[in-house]
Amino acid sequence: MRLPQLFAHRAERMKASEIRELLKLLDQPDIISFAGGIPDPAYFPRQAFADAMVTATSEQAASVALQYSTSEGYTPLRDWIVQHMATLGVRCTRDNVLITAGSQQALDYLGKLFIDKDDTALVGWPTYLGALGAFNAYEPRYDRLDPADNRSPEDIVADAEAAGGRVKFAYLSPDFANPTGVTLSVEERRGILSRAKAMDCAIIEDAAYQSLRYTGQSVPPILALEMQETGDIDACRTIYLGSFSKTLAPGLRVGWAVAAKPVISQLVLTKQAADLQTATINQIAVAEVARSVFDSHVETLREVYGARLQAMLKSLDAHMPDGISWTKPEGGMFVWVTLPKGMDGAELLKSALEARVAFVPGGAFYADGSNANTLRLNFSMSPAAKIEEGIARLGEVIKGAL
Ligand SMILES: Cc1ncc(COP(=O)(O)O)c(C=O)c1O
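Residues numbered from 1 in each chain as written. Predicted model: local features only at pLDDT ≥ 70, side-chain atom pairs only at ≥ 80, totals over all residues. Heavy atoms only, no water.

**Student:** Looking at this model, I keep getting lost on the overall build of the chain. Mind explaining?
**Tutor:** Within the chain one finds 14 helices and 13 strands. What you see for the chain is a C-alpha radius of gyration of 21 Å, in line with the 21 Å of a compact globule of 402 residues. Here the C-alpha coordinates of the chain stretch approximately 60 × 55 × 55 Å along the principal axes. Counting across all 402 residues of the chain, residues that qualify as buried make up 53%. Of the contacts made within the chain by residues no fewer than 6 positions apart, 75% connect residues no fewer than 24 positions apart. Summed over its atoms, the accessible surface of the chain is roughly 17,700 Å², and 53% of this surface lies on carbon and sulfur atoms. Between the centroid of the 39 positive side chains of the chain and the centroid of its 48 negative side chains there is a distance of 2 Å. (Helix = DSSP H or I, 4+ residues; strand = E, 2+ residues; numbered from the N terminus. Rg over C-alpha atoms; globule rule 2.2 N^0.38 Å. Buried < 20%, exposed > 50% of the residue type's maximum accessible area, 1.4 Å probe, protein only. Contact = heavy atoms within 4.5 Å. Areas by Shrake-Rupley, 256 points an atom, 1.4 Å probe, with all protein chains shown as cover. Lys, Arg positive; Asp, Glu negative; His and termini not counted. Charge placed at Lys NZ, Arg CZ, Asp CG, Glu CD.)

**Student:** Is there a simple way to think about the sheet that holds strand β13 (residues 374-378) in this case?
**Tutor:** Consider a sheet: its strands pair through backbone hydrogen bonds, and that pairing is either parallel or antiparallel. Strand order in the open sheet formed by four strands is β9-β10-β13-β12, and the pairing between neighbours is antiparallel. Looking at the sheet topology across the chains shown, the edges are occupied by β9 (325-326) and β12 (360-361). Where β12 meets β13, two bridges bridge the pair, whose relative direction is antiparallel. Looking across to β13, one finds that V360 is bridged to R376. Against the sheet, helix α12 (residues 280-319) contacts β9, β10 (334-338) and β13, and its axis sits at roughly 20° relative to β10. (Pairing = 2+ DSSP bridges. Axes fitted to C-alpha atoms, helices over the stretch in contact; angles between N-to-C directions.)

**Student:** In this structure, what is going on with the nonpolar core? I would like to understand it.
**Tutor:** The tendency in soluble globular proteins is for nonpolar side chains to be buried as a group. Counting 75 residues, the largest nonpolar core has F135, M312 and L377 as the members making the most contacts within it. For this core, the element with the highest residue contribution is α12, accounting for eight residues. In this structure, M312 is in contact with F34, V335, L377, N378, F379, I387 and I391, ignoring residues within four places of it in sequence. In terms of nonpolar packing, the next biggest core, distinct from the first, is built from 34 residues, L88, V97, A285 and V286 among them. (Core = buried A, V, L, I, M, F, W, Y, C linked by side-chain atoms within 4.5 Å.)

**Student:** Can you walk me through the pairing of strand β2 (residues 97-100) in this structure?
**Tutor:** Burial along β2 is two-sided: the face carrying V97 and I99 and the face carrying L98 and T100 are both buried. Inspection of the sheet shows β2 paired to strand β8 (residues 255-258) by four bridges, in the antiparallel sense. Bridging across to β8, L98 finds its partner in A257.

**Student:** What should I look at first to understand helix α10 (residues 222-230) in this one?
**Tutor:** An α-helix turns once per 3.6 residues; consequently, residues spaced three or four apart project the same way. Burial in α10 covers these residues: I222, L223, A224, L225, E226 and M227. Those residues of α10 that are buried lie in contact with β5 (167-172), α9 (186-199), β6 (202-206), β7 (238-243) and β8. Just beyond α10, the residue with positive phi is G231, at close to 75°.

**Student:** How do you make sense of the site of the ligand when you look at a structure like this?
**Tutor:** With respect to spatial proximity, the complete set of residues near the ligand consists of G102, S103, Q104, Y128, N178, D206, A208, Y209, S243, S245, K246 and R253. Relative to its unbound accessible surface of 400 Å², the ligand loses 92% to contact with the protein. The biggest single contributor to the shell around the ligand is helix α6 (residues 102-114), with three residues. Grouping the constituent residues of the shell around the ligand by class yields three nonpolar, six polar and three charged. (Near = heavy atom within 4 Å. Nonpolar A, V, L, I, M, F, W, Y, C, P; charged D, E, K, R; others polar.)

**Student:** Explain unusual backbone geometry here, please?
**Tutor:** One can expect most non-glycine residues to show negative phi and most peptide bonds to be in trans. A cis amide bond, omega 15°, links W125 with the succeeding residue P126. Note that the residue after N178, namely P179, is joined by a cis bond; omega there is 20°. Structurally, P179 can be placed in the loop between β5 and α9. The backbone of D118 sits at a positive phi, close to 75°, despite the residue not being glycine.

**Student:** Which parts of the structure should I look at to understand the pattern of salt bridges?
**Tutor:** Side chains bearing opposite charge may pair, as long as their charged atoms lie close to each other. One pass over the full model with this rule turns up 20 salt bridges. The closest approach of N and O atoms between E396 and K399, which form a salt bridge, is 3.4 Å. Taken as a pair, E396 and K399 lie in helix α14 (residues 384-401) at a separation of three residues, close to a single helical turn. Among the charged side chains, a salt-bridge network with shared partners connects R141, D143, R151 and D159. (Salt bridge = Lys/Arg side-chain N within 4 Å of Asp/Glu carboxyl O.)

**Student:** Any chance you could explain the pairing of β7 here in plain terms?
**Tutor:** Two faces, one strand: in a regular strand the side chains alternate between the faces of the sheet. Of all the six residues making up β7, six are buried; the element is thus mostly covered by neighbouring parts of the structure. Of the two faces of β7, the one holding T238, Y240 and G242 and the one holding I239, L241 and S243 are both buried throughout. Two strands pair when backbone bridges link them, and β6 and β7 are joined in this way by four bridges, in the parallel orientation. By the bridge assignment, E205 is partnered in β7 with Y240.

**Student:** Would you mind showing me how to read the sheet that holds β5 here?
**Tutor:** Spatially, seven strands are ordered β2-β8-β7-β6-β5-β3-β4 in an open sheet, and the strand pairing comes out mixed. Single-partner strands in this sheet number two, and they are β2 and β4 (141-144). Ignoring which end each strand starts from, the neighbouring axes of this sheet average 25° apart. Relative to β6, β5 runs parallel, the two being bridged by four bridges. Paired with A170 across the two strands is I203, which belongs to β6. Here helix α5 (residues 75-87) sits on the sheet and contacts β2, β7 and β8; the angle it forms with β2, its principal contact strand, is near 115°. In this fold α9 packs onto β3 (120-123), β5, β6 and β7, with an angle of close to 150° to the strand it touches most, β6.

Nothing here speaks to function; it is geometry throughout.
Structural data, given as structure tokens:
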């Protein structure tokens, strides 16, 4: 078969996601898996979606719900998002909102829009693997985005230029990041904003987990902090990405981007060329479910996932040997574990699977594959008793490997 020889250069950077390959192996019922990164299906608002779909396909409504619609997205859903963003301190209009097929699609479109080959994308170290996957096709160079970085913005810009491009954006997930669970403080967010200004680049604020806070005080989005300075969303460099995947259900593939109008207009053109629009009926169903149960449903998730997070932190305290550290998230779906230097999360996974417990090795979340002595644990999918048993197993595996 010779066709692979004809693939474009960009195909070389499209690698199978280790996580997806791994998830295929985890169907055996006796494995306690902390490897997924998905919501617990027991808590999907199933009845609300069933009702919304019945209404959307009724005789009066079907001609709209089953028809093509605009690339910008379903107007009542964009209006719901305008209200939602106002509660987060972001005043915007419908024209600042684009509905996407999940925030993953927005990441792809932003890669397409901003990155020429050899341009620099600043990303967290570690960062969301799916963002690297989305950007890779556009052949960027990656540099490190670190709130505590002691390199000056001028140095970062100079490095980007020496590599043959320029710094186009900083990508980060400031609330309960995937994979670390870490949340940036207001000061850190302001620091990123001022560094982005100094580098004259965009900020992509991936807020996939923003609503899932279980303890502590919420922190304003970077876009809200920037609006406090500019007073006008159309003068902002931050592009905010939201998603219904973690709050309502990922299977409908509905997310959104909020940004200055010139960015949204160009994203609309990108969407027209790529897939015309996000599925009409899914947008209608999400708009209805969001209107009727978003707040109460998120409250339920906070209780359920919050208890699971506490169970995981308590179990880690009880079962991890000395020399192992982990993050203490206030929300989201993940805890990030650091093993002693020299240990390899991927190697550890082999013995963990023998002990019937699974996680995601951390190296894949680094753009340069470094820091193999890390691993990501998901707590949203398992009830407390399972978490305790799984962490006890993992503790034994780690003790055996030390
Ligand atoms: C940080 C982050 N961003 C974006 C996504 C993509 O989510 P979706 O495309 O379902 O909105 C995920 C999914 O796991 C994620 O963890």
